[in-house]
There are 2 protein chains.
Amino acid sequence: MTEANDRILGVLGGMGPLASAHFMLRLTLLTPATRDQEHIPTVLWSDPRIPDRIAGRAGTGPDPLPWFLRGIDGLRQAGCGAIAVPCNTAHAWHDEMAAGGLPILHIVDAAAADLDTLRLGSRRIGVMGTVPTLQLRLYQDRLSALGWDCIQPTEEEMQRLVLPAIAQVKVNRMAGAYAPLVEAVNNLASRGAAAVVLGCTEIPLGILAGPQEALRVPVVDTIDSLARASIRWARPG
Amino acid sequence: MTEANDRILGVLGGMGPLASAHFMLRLTLLTPATRDQEHIPTVLWSDPRIPDRIAGRAGTGPDPLPWFLRGIDGLRQAGCGAIAVPCNTAHAWHDEMAAGGLPILHIVDAAAADLDTLRLGSRRIGVMGTVPTLQLRLYQDRLSALGWDCIQPTEEEMQRLVLPAIAQVKVNRMAGAYAPLVEAVNNLASRGAAAVVLGCTEIPLGILAGPQEALRVPVVDTIDSLARASIRWARPG
């Protein structure tokens, strides 16, 4: 075995388990490889018992941090050299997760790298996500620090378009989610967004359920962004 | 945390990585759960560096067994209580993998459990798979021991229908694989098969690409069978 793939990727998942499985699919499909042996060795720690992140952050439920740290320790013992976390809300604990020394790839930095490749003419972008992700300002603060001017759907658009569409995707009704999500993206474009970051695992699945030409600006699927960042880590240079 | 899901499932994967990711998706979708916390804790050891199983079995390539044992040891250390292996050919080493004491769920036993639920009127069934899976008699010998009379595609059908269809699926041309696979299933039905076991991860993807009414007999998707066996292990009684 003289393959160049000795870097083992850890995936801290189970939040939810479907998003983790989808991340593994996208990681595989985005990796340049012509046979099994050229793919990235990966250990997925899918622990759906991790307490609800939204309640944990609000202080109304158990703290998920000890569960995150247990998973990270398991992945370290398995030989993983870096960790991807395919869950947006979990990134509220990014610093605490990274404190142990194992690099935790940041999903917002991954999205920023994809934004850079779009070579947009403006620094104004839209960010879509669940209410907690937007309220925690996970994307807005970190992207602002990188020079992006972030706008988001209005409260009326969240209630009428984004949240009902996410609920449709969660019950596998992708087609019904398509039109409202496209309207939300295009409304952000009307207000000057040169691209829209889809900071939630459900939103891309709805947007992919219809013709992409209807979108007036490019969108960034953050699960794909995290997969690409993982591939760059595993295959440097 | 008083959930009843303290059994951690190990998945020895990477053979190939797409089949592992697909198994994780099906495991999640087949698990009865209404929220993340009711899903099965799972550790996926996806090591695509594992040497080619077909060459290893033929003695023309490195032995994959030490890689299997390394993965099983990693899964044991992660706290896994049983292991599923979403790769048909790897089951040629089932006994050696199970020798360490950790139960290895057998994909053929999983398929047999699904055959039982079909309540067929005859014990004659068809088995489809790659040439090595059929030549190694992984399905035929174990299913025969359970009282099934196994028939398989003719050499002419393998060359004209099954192998070209598998090749189409491997390059994501599912639609082109549908008609030849349905013909192969129905030819087995014409020779008396009351059901057909799809002992390969590519075949079900091709068969699902068109109307299922064209199939004259039920088919058993062995990735789904292994997922159901995993759920029964994790949720006994």
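As the structure is a prediction and not an experimental result, all values here were calculated from the model.

Undergrad: Give a detailed account of the sheet that holds strand S5 (residues 149-151) of chain A, specifying residues and quantitative values.
TA: All names here are of chain A. A sheet is described by the order of its strands in space; here 4 strands give the open sequence S5-S4-S6-S7, paired in parallel fashion. The open sheet has two edge strands, S5 and strand S7 (219-221), and neither has a second partner. Averaged over all neighbouring strand pairs, the angle between strand axes comes to 30°, with direction disregarded. Note: strand S4 (residues 124-128) against S5, 3 bridges, orientation parallel. Its bridge partner lying in S5, Arg124 is registered against Asp149. Sheet strands in contact with helix H9 (residues 174-190) are S4, S5, strand S6 (196-198) and S7, and its direction is about 155° off that of S4. Against the sheet, helix H11 (residues 222-234) makes contact with S6 and S7, and its axis sits at roughly 60° relative to S7, the strand it touches most.

Undergrad: An account of the sheet that holds strand S1 (residues 9-13) of chain B is needed here, citing residue identities and associated values.
TA: Spatially, S3(A)-S1(A)-S2(A)-S2(B)-S1(B)-S3(B) is the arrangement adopted by the 6 strands of the open sheet, whose pairing is mixed. Sheet topology places strand S3 (82-84) of chain A together with strand S3 (82-84) of chain B at the edges, where each strand pairs with a single neighbour. Adjacent strand axes in the sheet meet at a mean angle of 20° when their direction is disregarded. In this structure, S1(B) lies alongside strand S2 (residues 42-46) of chain B, joined through 5 bridges in parallel fashion. Bridge pairing in S2(B) links Leu9(B) to Thr42(B). Strands strand S2 (42-46) of chain A together with S1, S2 and S3 of chain B of the sheet are contacted by helix H1 (residues 17-30) of chain B, whose axis makes an angle of about 170° with S2(B).

Undergrad: Mind laying out the relation of the copies chain B and chain A, listing which residues take part and the relevant values?
TA: Mapping chain B onto chain A calls for a screw motion: a turn of 180° about the axis and a shift of 0.0 Å along it, with 0.0 Å RMSD after fitting. On this basis, the relationship between the two copies can be described by a two-fold rotation axis. Minimal C-alpha distance to the rotation axis in chain B is attained by Leu44(B), lying at 2.4 Å. With an isologous cut-off of 70% or more, the 100% of interface residues of chain B that recur at the interface of chain A puts this contact in the isologous class.

Undergrad: Can you break down unusual backbone geometry residue by residue, with the values?
TA: Residues and elements named next belong to chain A. Following Met15, the chain continues into Gly16 via a peptide bond in cis, with omega recorded as -10°. With respect to the element layout, Gly16 can be found in the loop between strand S1 (9-13) and helix H1 (17-30). One non-glycine residue, Arg119, lies in positive phi territory at about 50°. Residue placement: Arg119 occurs in the loop between helix H5 (107-117) and S4. Assessed through its relative accessible area of 77%, Arg119 is described here as exposed. Phi is positive for Arg137, close to 60°, though the residue is something other than glycine. Secondary-structure assignment places Arg137 in the loop between helix H6 (131-135) and helix H7 (138-145). A residue is classified by how much of its surface remains accessible, and Arg137, at 38% relative accessible area, is partly exposed.

Undergrad: Provide a residue-level description of the interface of chain B and chain A, including the pertinent values.
TA: The interface is formed by 35 residues belonging to chain B together with 35 residues belonging to chain A. Of the roughly 2,800 Å² buried between chain B and chain A, counting both surfaces, carbon and sulfur atoms make up 65%. In this assembly, chain B and chain A are joined by 4 salt bridges. One salt bridge in this structure joins Asp36(B) and Arg53(A), with 3.1 Å as the shortest N-O distance. For the pair chain B and chain A, the number of links is 9 residue pairs in polar contact (both at pLDDT 80 or more). Counting residues per element, the ones that place at least two in the side of chain B that touches chain A are H1, S2 and helix H3 (65-77) of chain B. In terms of residue count, the dominant contributor to the side of chain B that touches chain A is H1(B) (8 residues).

Undergrad: Break down the domain arrangement of chain A for me, with residues and values.
TA: Residue and element names in this part refer to chain A. Considered domain by domain, chain A is made up of domain 1 (9-106 + 225-234) and domain 2 (119-217). Centre-to-centre, using C-alpha coordinates, domain 1 lies 23 Å away from domain 2. Of the residues lining the interface, 9 residues belong to domain 1; the matching set on domain 2 comes to 10 residues. For the pairing of domain 1 and domain 2, the buried interface totals around 790 Å² over both sides, and the portion due to carbon and sulfur atoms is 66%. Taken as a group, Asn88, Thr89 and His106 account for 52% of the area that domain 1 buries against domain 2, more than any other trio of residues on that side.

Undergrad: Could you give an account of the packing of aromatic side chains, with specific residues and numbers?
TA: How two aromatic rings sit relative to each other is given by the distance of their centres and the angle of their planes. Applying the stated criterion across every chain, the model contains 2 aromatic pairs over all chains. Plain terms: the ring middles of Phe68(A) and Trp93(A) are 5.5 Å apart, the flat faces sit at 65° to each other, and that makes the pair edge-to-face. Here Trp93(A) lies in the loop between S3 and helix H4 (94-98) and Phe68(A) lies in helix H3 (residues 65-77), a separation of 25 residues in the sequence. An identical accessibility class is assigned to Phe68(A) and Trp93(A); each is buried. Of note, Arg57(B) hangs over the ring of Trp93(B), and the distance from its end group to the ring centre comes to 5.0 Å. Arg70(B) extends its terminal NZ or CZ atom over the ring of Trp67(B), reaching a point 4.8 Å from the ring centre.

Undergrad: I'd love a proper account of H3(A), names of residues and values included.
TA: Residue and element names in this part refer to chain A. Taking 1.5 Å of rise per residue, 13 residues should cover 18 Å, and H3 covers 18 Å from first to last C-alpha, within 8% of that figure. Buried within H3 are the following residues: Leu65, Trp67, Phe68, Gly71, Ile72, Gly74 and Leu75. Packing partners of the buried residues in H3 comprise S1, S2, helix H2 (53-58), S3 and H4. With its phi angle positive at about 100°, Gly79 sits one or two positions after the end of H3.

Undergrad: Which residues make up the nonpolar core, and what values do they have?
TA: Ranked by size, the top nonpolar core spans 160 residues in total, and within it Leu12(A), Met128(A), Leu143(A), Leu12(B), Met128(B) and Leu143(B) carry the most contacts. Sequence-distant contacts of Leu12(A), that is, excluding residues within four places in its chain, are made with Trp45(A), Phe68(A), Gly71(A), Ile72(A), Leu75(A), Ile83(A), Ala84(A), Val85(A), Pro86(A) and Met97(A).

Reading guide: rules and limits
- Residues numbered from 1 in each chain as written.
- Chains lettered and ligands numbered in written order.
- Predicted model: local features only at pLDDT ≥ 70, side-chain atom pairs only at ≥ 80, totals over all residues.
- Heavy atoms only, no water.
- Pairing = 2+ DSSP bridges.
- Helix = DSSP H or I, 4+ residues; strand = E, 2+ residues; numbered from the N terminus.
- Axes fitted to C-alpha atoms, helices over the stretch in contact; angles between N-to-C directions.
- Contact = heavy atoms within 4.5 Å.
- Least-squares fit on C-alpha atoms with pLDDT ≥ 70 in both.
- Buried < 20%, exposed > 50% of the residue type's maximum accessible area, 1.4 Å probe, protein only.
- Buried area = accessible area lost by both parts, 1.4 Å probe.
- Salt bridge = Lys/Arg side-chain N within 4 Å of Asp/Glu carboxyl O.
- Polar contact = N/O pair within 3.5 Å; in protein donor to acceptor, adjacent residues only side chain to side chain.
- Domains from an automatic or database assignment.
- Phe/Tyr/Trp six-rings, centres within 6.5 Å; stacked < 30°, edge-to-face > 60°.
- Lys NZ or Arg CZ within 6 Å of the ring centre and 35° of its normal.
- Expected span 1.5 Å × (residues − 1).
- Core = buried A, V, L, I, M, F, W, Y, C linked by side-chain atoms within 4.5 Å.

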